[in-house]
Amino acid sequence: MLLDELESEGLIVNFNKLPETLSKHLPKEVLIWDETLRDGEQTPGTTLLIDEKIEIAKMMDDMGVHIIDVGFPAVSESEREVVRRIAAEGFTNASICAPARAIRSDIDASIQAGAEEVPIFIATSSLHLKYKLKKNWQEISEIVTDCIEYAKSHGVIVNFVTEDTSRTSIANTVDIFKTAAEAGADRVVIADTVGFLRPESMRYLVSQVRDRLWKETKRKIPLSVHCHNDFGLATANTLAAIEEGVVAPHVCIAGFGERAGNAPLEEVVMALEILYNIKTGIDTTKIQELADLTSQYFAILLPIHKAITGENAFSHEAGIHVHGILSHRLCYEPIPAESVGRQTEFYMGKGTGSGLVRTKLQQVGIEATEEQVHQIVLQVKETHQLRNKREMLLQLQRAQELLRETRLGLKEDEFWGIVRAVTGQQPGKP
Ligand code: MN
């Protein structure tokens, strides 16, 4: 690869390979666990058709995703149908997982739909126990044992997920994970449900849980992590967790998910491959295709400056950068765009310099003098700057309104229409 050549020729220094920057707990192999079809679909305003879910899941399987969470069977008949249809596909690489609350009927729904893996989840922070579950710790422990033993007796892989792990005491987390491990859980999942950790506190949490749990159970139960992006730290926290030995990170393509979303698949995978030298088994050249397909079916645009999959991630306008790239593309790009199924693109505008103009002219066989090139550059800059800014902003506003309408769930009047039809009453003032 281009990058390795630059390194071996001594043209760049790669601090990521220095032993002192690599944690001794880094795993050799990582299983990519995708949550796009479950947590991703919980992105407000989105809904996927069954065929769309199947197509996305197939693409994930093709590119080597190891575990795909395809939907929550207890929620609805259509979710059960999705899981059944995807499970019937007989995937090559991916195992199909469908979550369940720690309730036997939820577990039944997941198993009957054909899931190979069932993540059983229950919240463990005192906040959730007091206000949401209204249960004490003893009750929670009994439920966990019962549900995991029940699911295991049906022969599925059981992942035990503690919701809000990142705001639960380490003692309680270790205690409940130990209960889960003893009941037969195959993996335990640490969830930073509201994106509350920073990388160093994630490392602390994971290392404490890992050391105590493995010691107390005399078994190295594999650890997984589920990170949210509320502070923009989902990727950093996921990687921090992997540095402490987590082997099954949850991701969503393009970082879709509730609120600010989940750790983006493309960021976690490419960071592992390029910055950590850990093979993920993912065909990274399919990343953009997966992001585009999901964006289309979610009817949500990818953020333009999104790392790796955003439109601008491999685009350049500034003359100095374009000149650098035209001399050697890795002057201003960390990886070749093709490695994620992209192409380097150049924008013409205020920042354009003569290098790009000369290259473009050469490509189509136009000969121009230095003075002509200079004139062309000046006019390109001018044309960009003379654009009617007011008109552009108005257009942007109209596009934003349209997009908002596209992705809204029910409008208020639609909701009150349903209420009127069902109750026969007119709503008063709230
Ligand atoms: Mn989540």
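My aim in this report is to walk through the structure given alongside it, one point at a time. In this text, all values refer to a predicted model and were calculated from it rather than measured experimentally.

Focus on the state of the cysteines
Per the stated rule, a full pass over the model turns up 0 disulfides. For Cys-252, which is in no disulfide, the shortest distance to another cysteine sulfur is to Cys-227 and amounts to 11 Å. Taking relative accessible area as the criterion, Cys-252 reaches 0% and is therefore assigned buried.

Notes on the coordination of the manganese ion
Note on the manganese ion: its protein donors are Asp-39 (OD), His-226 (NE2) and His-228 (NE2). The metal-donor distances range over 2.0 to 2.2 Å. Mapped onto the sequence, the donors of the manganese ion take the spacing D-x186-H-x1-H. Of this pair, Asp-39 sits in the loop between strand 1 (33–34) and helix 2 (50–63) while His-228 is found in the loop between strand 8 (223–227) and helix 9 (234–243), placing the two residues 189 residues apart along the sequence. Neither Asp-39 nor His-228 differs from the other in exposure class; each is buried.

Brief notes about helix 4 (residues 104–112)
For helix 4, the set of buried residues is Asp-106, Ile-107, Ala-109, Ser-110 and Ile-111. Remark: Gly-114 follows helix 4 within two positions and exhibits a positive phi of approximately 100°.

Topic: the pattern of salt bridges
Taken as a whole and assessed by the stated rule, the structure comprises 33 salt bridges. For Arg-84, the salt bridge is made with Glu-77, and the minimal N-O distance between the two is 2.7 Å. You can call Arg-84 partly exposed: its relative accessible area is 34%. Residue classification places Glu-77 among the partly exposed residues on the basis of a relative accessible area of 44%. Residue Arg-210 pairs with Asp-211 through a salt bridge whose shortest N-O separation is 3.0 Å. In this structure, a network of salt bridges that share partners links the residues Asp-51, Glu-77, Arg-80, Glu-81, Arg-84 and Arg-85.

Overview of the packing of aromatic side chains
Counted according to the given criterion, the structure contains 4 aromatic pairs. Judged by centre distance (4.7 Å) and plane angle (75°), the rings of Phe-256 and Phe-298 are edge-to-face. Separated by 42 residues along the polypeptide, Phe-256 in the loop between strand 9 (248–251) and helix 10 (265–275) and Phe-298 in helix 11 (residues 287–298) bring together distant segments of the chain. For Phe-256, a relative accessible area of 7% corresponds to the buried category. An angle of 70° between the planes, with centres 4.8 Å apart, marks the rings of Phe-415 and Trp-416 as edge-to-face.

Procedures and definitions
Residues numbered from 1 in each chain as written. Predicted model: local features only at pLDDT ≥ 70, side-chain atom pairs only at ≥ 80, totals over all residues. Heavy atoms only, no water. Disulfide = S-S within 2.5 Å. Buried < 20%, exposed > 50% of the residue type's maximum accessible area, 1.4 Å probe, protein only. Donors = N, O, S within 2.8 Å, 3.2 Å for Na, K, Ca; no water. Helix = DSSP H or I, 4+ residues; strand = E, 2+ residues; numbered from the N terminus. Salt bridge = Lys/Arg side-chain N within 4 Å of Asp/Glu carboxyl O. Phe/Tyr/Trp six-rings, centres within 6.5 Å; stacked < 30°, edge-to-face > 60°.

Shape descriptors only; they carry no functional weight alone.
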